[in-house]
Amino acid sequence: MAAIVWLVAGILLAAAEMLTGDLTLLMLGAAALGTAGISAVAGTSIVLDAIVFGVLTLVLFLGVRPLLRRRFGTPPPIPTNVDALQGKSALVLEQVAEHSGQVKLDGEVWTARPMDDSEVYEPGTKVYVMRIEGATAVVWKGP
């Protein structure tokens, strides 16, 4: 009878995992299903079932869950808008100095200034966008 209770608990926990997506209930459900199998085959007592459930839960939480989270976890967000421009190359259209300059970045003309205020980039130079400050691209020529 105890094996049936563990089996039902395991199925319910695994089904409830669909609502959370955290893999916590799935690990508990798998431990309950494992306990149900051992209880059915060996006919163990409730105390021994609880110990088996605890050991299986620890093994699944510490061993299997981290692997599954790495494999099936949410991917890092894809940068969009201004965040996607950082690191892209641009072409200098007008001399880029401390207080003036324009670059062509992804087909659009942006105001620009050098990352190092002492540098000046001439038209036709390829530069890289280090960051965006407001509507100004902060650029650097690179090594």
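Values in this document were obtained by computation on a predicted structure and should not be read as measured data.

Visitor: What is the right way to read the overall build of the protein from this model?
Guide: On a plain count of helices and strands, the protein comes out with 3 helices and 5 strands. Counted from the first residue to the last, the protein has its helices and strands arranged as α-α-α-β-β-β-β-β. Referenced to the eigenvectors of the C-alpha coordinate spread, the extents of the protein come out at roughly 85 × 25 × 20 Å. Burial status across the protein gives 27% buried among its 143 residues. Across the protein, the fraction of contacts at a sequence separation of at least 24, relative to all contacts at a separation of at least 6, is 47%. When the 10 positive and 13 negative side-chain charges of the protein are each reduced to one mean point, those points stand 8 Å apart.

Visitor: I tried to follow the sheet that holds strand 3 (residues 108-114) on my own but got confused; where do I start?
Guide: Sheet strands pair via backbone hydrogen bonds, and the direction of the pair is either parallel or antiparallel. In spatial order, the strands read 1-2-3-5-4; together these 5 strands close into a barrel with mixed pairing. Strand after strand, the sheet turns through a mean of 55 degrees between neighbouring axes, direction not considered. Note: strand 4 (residues 126-133) against strand 5 (residues 136-140), 5 bridges, orientation antiparallel. Considered in strand 5, the bridge of I132 is made with A137.

Visitor: Teacher, can you tell me more about unusual backbone geometry here?
Guide: Phi is mostly negative for residues that are not glycine, and the peptide bonds are mostly trans. The backbone of N81 shows a phi angle near 55 degrees, a positive value even though the residue is not glycine. Counting through the fold element by element, N81 comes out in the loop between helix 3 (46-72) and strand 1 (89-94). Judged by relative accessible area, which is 69%, N81 ranks as exposed. At D106, a residue that is not glycine, the phi angle is positive and equals roughly 55 degrees.

Visitor: Help me understand the environment of V127 in this model?
Guide: Here V127 is to be found in strand 4. For the pair V127 and V103, spaced 24 residues apart in sequence, the C-alpha separation works out to 8.6 Å. Sequence-distant contacts of V127, defined by excluding residues within four places in its chain, comprise K88, S89, A90, V92, V103, Y121, V139, W140 and K141.

Visitor: Mind showing me how you'd approach the environment of T136 here?
Guide: Secondary-structure assignment places T136 in strand 5. By relative accessible area, which is 22% here, T136 ends up partly exposed. As a C-alpha pair, T136 and V103 span 33 residues in sequence and 9.7 Å in three-dimensional space. Setting aside residues no more than four positions away along its own chain, T136 makes contact with W110, T111, A112, R113 and R131.

Visitor: What am I meant to see in the UniProt feature "domain: NfeD-like C-terminal" (unreviewed entry) in the protein here?
Guide: Here the UniProt-annotated "domain: NfeD-like C-terminal" (unreviewed entry) positions come out as residues 82-141. With 0% helix and 50% strand, residues 82-141 has its two end C-alpha atoms placed 20 Å apart.

Definitions and limits used
Residues numbered from 1 in each chain as written. Predicted model: local features only at pLDDT ≥ 70, side-chain atom pairs only at ≥ 80, totals over all residues. Heavy atoms only, no water. Helix = DSSP H or I, 4+ residues; strand = E, 2+ residues; numbered from the N terminus. Buried < 20%, exposed > 50% of the residue type's maximum accessible area, 1.4 Å probe, protein only. Contact = heavy atoms within 4.5 Å. Lys, Arg positive; Asp, Glu negative; His and termini not counted. Charge placed at Lys NZ, Arg CZ, Asp CG, Glu CD. Pairing = 2+ DSSP bridges. Axes fitted to C-alpha atoms, helices over the stretch in contact; angles between N-to-C directions. UniProt positions renumbered as here; feature names shortened; annotations may be inferred.

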